[in-house]
Amino acid sequence: MMHEIPPRSGVAFHLDHGQRLTVMDPVGEQVSDLLAYSRADTREVISSGRTLDYLSRIFLTVPDPIWSNRSNIMLRIVKDSVGRHDFLLTPCSADTFRIIYGDEHPHRGCFGNLAAALAPFGIAADQIPVAFNLFMHVTVDGGTGAIEVLPPMSRAGDSVVLEAEMDLIIGLTACSALQSNNGSFKPIQYRID
Ligand SMILES: [Zn+2]
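In this report, we go over the structure that sits alongside the text. (Residues numbered from 1 in each chain as written. Predicted model: local features only at pLDDT ≥ 70, side-chain atom pairs only at ≥ 80, totals over all residues. Heavy atoms only, no water.)

## Re the overall build of the protein chain
Okay, so step 1: Check the secondary structure of the protein chain and you find three helices and 12 strands.
Okay, so step 2: Over its C-alpha trace the protein chain gives a radius of gyration of 15 Å, about what one expects of a compact globule, namely 16 Å for 193 residues.
Okay, so step 3: Expressed along its principal axes, the backbone C-alpha trace of the protein chain runs to roughly 40 × 40 × 30 Å.
Okay, so step 4: Here the protein chain, with 193 residues, has 48% of them falling under the buried criterion. (Helix = DSSP H or I, 4+ residues; strand = E, 2+ residues; numbered from the N terminus. Rg over C-alpha atoms; globule rule 2.2 N^0.38 Å. Buried < 20%, exposed > 50% of the residue type's maximum accessible area, 1.4 Å probe, protein only.)

Listed below in structure tokens is the structure:
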């Protein structure tokens, strides 16, 4: 069964060891921030730093693993119809919108949506790390290190499938940042198999 995350919102749910999570962009050019915590101990969480270090690469796709802060594999990418995602930038937040966009009354962003969705699982806002940003298209200048956020390469119906390698709590959003989503906010769909 396909679930829908409305524009600018987020959810959290269990994903058991061996289950597969499909995340689909139903309209196209929409980012989804993904977090994963170990159900055995929610202090164990996905780690951008360790994953990029062990892969020696900043762009992930099939069959790359996503490692935890304790160097265990939490998830593995088993299907990917886009091939470009980001694992460098933190979830968009009220601070993002205040600092980068100059908003006076900023939206709480993916960060606030994730914090609210994860609170019932006993996970605090300070436990939110860099998310794996599905469909987010970030380029890096190899010489200067300058980064640029471009429109996602995902088209309607594109998806990524991740398999859990331990019992997890997942946080997942339909991203709230204009720049990341080519200027409009769209839903995200997901399914657990
Ligand atoms: Zn976002």
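We are not done yet, so read on.
## Quick notes on a nonpolar patch on the surface
Okay, so step 1: Residues I58, L88, V140 and I147 make up a contiguous nonpolar surface patch of about 280 Å² in total accessible area.
Okay, so step 2: Residue position: L88 is located in the loop between β6 (73-80) and α2 (94-99). (Patch = residues over 30% accessible without salt bridge, like charges linked within 9 Å, V, L, I, M, F, W, Y side chains within 5 Å. Areas by Shrake-Rupley, 256 points an atom, 1.4 Å probe, with all protein chains shown as cover. Salt bridge = Lys/Arg side-chain N within 4 Å of Asp/Glu carboxyl O.)

## Some points on the environment of G109
Okay, so step 1: With respect to the element layout, G109 can be found in helix α3 (residues 109-118).
Okay, so step 2: Expressed as a C-alpha distance, the spacing of G109 and S93, which sit 16 residues apart in the sequence, is 4.2 Å.
Okay, so step 3: If we ignore the near neighbours within four places in the chain, the residues touching G109 are C92, S93, F97 and S176. (Contact = heavy atoms within 4.5 Å.)

## Brief notes about the sheet that holds strand β2 (residues 10-15)
Hydrogen bonds between backbone atoms are what pair the strands of a sheet, whose relative direction is either parallel or antiparallel.
Okay, so step 1: Ordered in space as β2-β11-β4-β7, the four strands form an open sheet in which the pairing is antiparallel. Each end of this open sheet is capped by a strand with a single partner; those strands are β2 and β7 (132-134). Here the average twist between neighbouring strands, direction ignored, is 25 degrees.
Okay, so step 2: With six bridges joining them, β2 and strand β11 (residues 168-173) adopt antiparallel strand pairing. Across the sheet, residue H14 finds its bridge partner in β11, namely I169.
Okay, so step 3: Packing of α3 onto the sheet brings it into contact with β2, β4 (32-38) and β11, and relative to β11 it is tilted by some 145 degrees. (Pairing = 2+ DSSP bridges. Axes fitted to C-alpha atoms, helices over the stretch in contact; angles between N-to-C directions.)

## Some remarks on the packing of aromatic side chains
Okay, so step 1: Enumeration according to the criterion identifies four aromatic pairs in this entry.
Okay, so step 2: Here Y54 and W67 contribute two aromatic rings whose centre-to-centre distance is 5.0 Å and whose plane-to-plane angle is 80 degrees, an arrangement assigned as edge-to-face. Pair noted here: Y54 is in helix α1 (residues 48-55) and W67 is in strand β5 (residues 65-67), with a separation of 13 residues, a long-range link.
Okay, so step 3: Relative to F132, the ring of F87 lies with its centre 5.2 Å away and its plane at 65 degrees, an arrangement referred to as edge-to-face. A residue pair is termed long-range when its members are at least 10 positions apart, and F87 in the loop between β6 and α2 and F132 in strand β7 qualify at 45 residues.
Okay, so step 4: Exposure remark for F87: the relative accessible area of 0% places this residue in the buried category.
Okay, so step 5: It is R8 that lies over the ring of F97; its NZ or CZ is 5.9 Å from the centre.
Okay, so step 6: Seen from the ring of F185, R8 lies directly overhead, with NZ or CZ sitting 4.0 Å from the centre. (Phe/Tyr/Trp six-rings, centres within 6.5 Å; stacked < 30°, edge-to-face > 60°. Lys NZ or Arg CZ within 6 Å of the ring centre and 35° of its normal.)

## What about the pairing of strand β10 (residues 158-164)?
Regular strands have side chains that alternate between both faces of the sheet.
Okay, so step 1: Most of β10 sits inside the fold, with six of its seven residues counted as buried.
Okay, so step 2: Across six bridges, strand β3 (residues 20-25) lies against β10 in antiparallel orientation. In the strand pairing of β10, V23 is matched with V160.
Okay, so step 3: As paired elements, β6 and β10 share five bridges and run antiparallel to each other. Along β10, the bridge assignment pairs R76 with E163.

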